[in-house]
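In case you want the letters, here they are:
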Amino acid sequence: MDDLESQLDPDIAMASPRPNTDRPFRTEPDRFGVFREYAHGQPSITPDQFHSLSDISDSPYLALDPFSNSHHPRHTTFGSDPQKITFNIDSDNWQQSHARADAARTPNLPAFAPFRNASVYRLMTWFHRPSNTKSIGELNSLVHDVLLAPDFQTNDLVGFDAVKENTLMDHYHENISADHIPSPFSFDDTWIKSTIEIPVPCDGVRHSSEAEAPKFQVDIHHRRLTEVIKSAYLEPAAKAFHTFPFRAFWKPSADEPAERIYSEAYTGNKWICEYESILKSPRSQDDPHSHLERFLVGLMIWSDSTSLAQFGTAELWPIYLYIGAQSKYSRVKPSSFAAHHIAYLPK
């Protein structure tokens, strides 16, 4: 909404970490007659004021912002970028500050771990990008993201062995010291292999309880859900997540009544009700984070059978997680990589 940015004073967000909950806040209608109503006062931040056309479109026929970073950085195949971009709210705009991602996650390890230097890290990241074929875009990525990177040195590749580097990557997390103390902002969204048992009925055989039935063991690979959520909110795309739900309305003209607009998950009644219950819940006096705003994290989980080969019958059931606070327009963009894989089920 074009008019919303001018109505929300960003200095208010700096003056108080909590939104003003004294009275509802309503924006003025924009040129389309659309306005918003925040039940708990003026929000401290509205992500839409930072949106550009590139955030909601991949069309080659539109003039898009080449510096848009609403999608995953190209170097996040293995997790965080060596130079992770974090966003801090300034009185006028978002400012980018660079910090070592893995220094926060694992203070005793370099940002390019488990590889021996940043050059190998970038090369292996490019190789494992989700692309089945090498195209002009992939070649450009190799040049700009790897060869021309400021920390890339050809001397670092002396003695390089791709098989050895892949093996090192496979055993990376197994070699992390057990007595390592993570950072408070750390997350471990690595894959875990578990075995589940499914009771199997036997034709013509009666058991006194389900516990006595024979079990069929299935191996599944999954990630810790809370760690995946932390990882999602540490990505640059999180700056566009909506933490303050609102009701949207359309007023065609001054003489006509306003009509409710349902377009995003965070504009629905259920989301708003859950948000209100969170605000009403008591805070602990000993909570060191009691001064921070509270918000709702909406999770959207999907699954569908996926073929693993062009020829053959090998299939898998991936389970995907989407963040409901992300706008559907940016969430459906293939280049946004908004889907977070949380489990793989054999079929």
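Keep in mind that this is a model prediction, so the values were computed, not measured. Positions within a chain are numbered from 1, following the residues in the order the chain's sequence is written. Residue-level local features of this predicted model are given only where pLDDT is at least 70; pairs of side-chain atoms are given and counted only at 80 or more, and the full residue set underlies all totals for whole chains, interfaces and linings. The side-chain numbers reported here are obtained from all heavy atoms of the structure, hydrogens and water having been left aside.

(A) Broad picture of the confidence of the model for the protein. The predictor rates its confidence in each residue with pLDDT, a number between 0 and 100. When pLDDT is averaged along the protein, the result is 76; 72% of the residues meet or exceed 70. Predicted confidence is poor over residues 69-107, with pLDDT under 50, and the contacts of this stretch with residues over four places away or in other chains come to 100 contacts. The low-confidence segment residues 181-185 (pLDDT under 50) makes 5 contacts with residues lying over four places distant or belonging to another chain. Residues are treated as being in contact if the distance between any of their heavy atoms lies within 4.5 Å.

(B) Structural view of the sheet that holds strand 7 (residues 247-250). The antiparallel open sheet is built from 4 strands, whose spatial order is 1-2-7-8. Either end of the sheet is taken by a strand with one partner, and the two such strands are strand 1 (25-26) and strand 8 (259-261). Bridging between strand 1 and strand 2 (residues 34-38) involves 2 bridges; their strand directions are antiparallel. From the neighbouring strand, Phe25 faces strand 2, where its bridge partner is Tyr38. The criterion for strand pairing is that DSSP finds at least two bridges linking the strands in question. The helix and strand labels rest on DSSP assignments: H or I over at least four residues marks a helix, E over at least two residues marks a strand, and numbering proceeds from the N terminus.

(C) Representation of the nonpolar core within the structure. The term nonpolar core refers to a set of buried residues drawn from Ala, Val, Leu, Ile, Met, Phe, Trp, Tyr and Cys, joined through side-chain atoms within 4.5 Å. Only protein chains enter the calculation, and the probe is 1.4 Å; a residue is then buried if its accessible area is under 20% of its type maximum, exposed if over 50%, and partly exposed in between. Tyr38, Phe241, Phe244, Phe246, Trp271, Ile323 and Ala325 are the most contacted members of the largest nonpolar core, which totals 15 residues. Ignoring sequence-local partners within four residues, the contact set of Phe241 consists of Pro47, Ala232, Tyr233, Ile323, Ala325 and Gln326.

(D) Quick look at unusual backbone geometry. One non-glycine residue, Phe337, adopts positive backbone phi at about 50°. Residue placement: Phe337 occurs in the loop between helix 9 (328-331) and strand 12 (340-346). Residue class for Phe337 comes out partly exposed when judged on its relative accessible area of 42%.

(E) Representation of the packing of aromatic side chains in the model. Pairing of aromatic rings covers Phe, Tyr and Trp, the last counted by its six-membered ring, and requires centre-to-centre distances within 6.5 Å; plane angles under 30 degrees mean stacked, over 60 mean edge-to-face, and any other angle means tilted. Under the definition given, this model contains 9 aromatic pairs. Taking 6.2 Å as the distance between ring centres and 70° as the angle between the ring planes, the aromatic pair formed by Phe115 and Tyr121 counts as edge-to-face. In this structure, Phe115 and Tyr121 share a single accessibility class: buried. Centre to centre, the rings of Tyr233 and Phe295 are 5.8 Å apart; their planes meet at 35°, and the pair counts as tilted. Of this pair, Tyr233 sits in helix 7 (residues 225-233) while Phe295 sits in the loop between helix 8 (269-280) and strand 9 (299-303), and the two are 62 residues apart along the sequence. Phe295 sits in the partly exposed class, given a relative accessible area of 35%. Here the aromatic residues Phe25, Tyr38, Phe246, Tyr266 and Trp271 are joined through ring pairs into a cluster of three or more.

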